[in-house]
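So the chains spell out like this:
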Amino acid sequence: MTDFFNGIADLFVNVLFAPFDALRALELESWFSANIFSWIFMAIGFVAFVYWMLQLKKYNENGEEDKSISSHSYL
């Protein structure tokens, strides 16, 4: 049974974590290159935020929403 768990440990340490080890080694050469995934995710988040704000602006300018104070019965 210990060979099974040692095999799982070997799989994770030597195979699945290899890209992270490569990024760790790359950090010594270029900090920006080592954090490329962070930059990509920040760019995707920024684009999604801008798209969301533009959609909210378009919906707000459409004027269909009832903005009166008593628009809901519970108010």
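For the structure itself, look to the data block above.
Overview of the structure. (Residues numbered from 1 in each chain as written. Predicted model: local features only at pLDDT ≥ 70, side-chain atom pairs only at ≥ 80, totals over all residues. Heavy atoms only, no water.)

**Details of the pattern of salt bridges**
Convention followed: For this document, the term salt bridge refers to a Lys or Arg side-chain nitrogen within 4 Å of an Asp or Glu carboxyl oxygen. Put simply, DSSP marks the helices as runs of H or I at least four residues long and the strands as runs of E at least two long, and each gets a number from the N terminus on. Buried, partly exposed and exposed residues are distinguished by accessible area as a fraction of the type maximum, computed with a 1.4 Å probe on protein chains only: under 20%, between the cut-offs, and over 50%, respectively.
With the rule as written, the count across this model stands at two salt bridges. For the salt bridge of Asp21 with Arg24, the shortest nitrogen-to-oxygen distance reads 3.4 Å. Within this pair, Asp21 and its partner Arg24 are both found in helix H2 (residues 18–26), separated by three residues, close to a single helical turn. Its relative accessible area of 33% is what places Asp21 among the partly exposed residues. Taking the relative accessible area as the measure of exposure, Arg24 reaches 56% and is therefore exposed. Note that Lys57 and Glu61 form a salt bridge whose closest N and O atoms lie 2.9 Å from each other.

**Notes on the packing of aromatic side chains**
The description of an aromatic ring pair uses the distance of the two centres, along with the angle that the planes make with each other. Basically, it comes down to this: Here is the rule: rings of Phe, Tyr and Trp (six-membered ring for Trp) pair when centre to centre is within 6.5 Å. Planes less than 30 degrees apart are stacked, more than 60 are edge-to-face, and the remainder are tilted.
By the definition in use, this model includes seven aromatic pairs. Judged by centre distance (6.4 Å) and plane angle (75°), the ring pair of Phe49 and Trp52 falls under edge-to-face. Taken as a pair, Phe49 and Trp52 lie in helix H4 (residues 36–62) at a separation of three residues, close to a single helical turn. The exposure class assigned to Phe49 is partly exposed, which follows from its relative accessible area of 44%. Members of the aromatic cluster, each reached through a chain of ring pairs, are Phe12, Phe17 and Phe20.

**Some details on a nonpolar patch on the surface**
To keep things clear, this is the line we draw: Think of a patch as exposed residues, more than 30% relative accessible area, with no salt bridge, where like charges cluster within 9 Å and nonpolar side chains (Val, Leu, Ile, Met, Phe, Trp, Tyr) cluster within 5 Å. Calculation of accessible area relied on Shrake-Rupley with a 1.4 Å probe; when residues are assessed, cover is drawn exclusively from the protein chains displayed.
Nonpolar side chains collect at one region of the surface, where Met1, Phe4, Phe5, Ile8, Leu11, Phe12, Val13, Val15, Leu16, Phe17 and Phe20 lie side by side and expose about 1100 Å² of accessible area between them. Top contributing element to the nonpolar patch by residue count: helix H1 (residues 2–16), with eight residues. Note that Leu16 resides in helix H1.

**A short note on the packing of H1 against H2**
In a pair of packed helices, the angle between the axes and the distance between the axes together describe the arrangement. Defined as follows: Under this scheme, a helix contributes an axis fitted over its contacting stretch, all axes are lines through C-alpha atoms, and angles between N-to-C directions fall in the 0 to 180 degree range. Roughly parallel refers to an angle under 35 degrees, roughly antiparallel to one over 145, roughly perpendicular to one between 65 and 115, and oblique to any angle outside these ranges. By definition, residues are in contact when any of their heavy atoms lie within 4.5 Å. Here the term charged refers only to Asp, Glu, Lys and Arg, the term nonpolar to Ala, Val, Leu, Ile, Met, Phe, Trp, Tyr, Cys and Pro, and the term polar to all other amino acids, Gly among them.
Remark: H1 packs on H2, axes separated minimally by 5 Å, with the N-to-C direction vectors making an angle of 40°. With respect to their mutual orientation, H1 and H2 come out oblique. Contacts between H1 and H2 involve Val13, Asn14, Val15 and Leu16 on the former and, on the latter, Ala18, Pro19, Phe20 and Asp21. Here the contact of H1 with H2 is built from residues that sort into six nonpolar, one polar and one charged.

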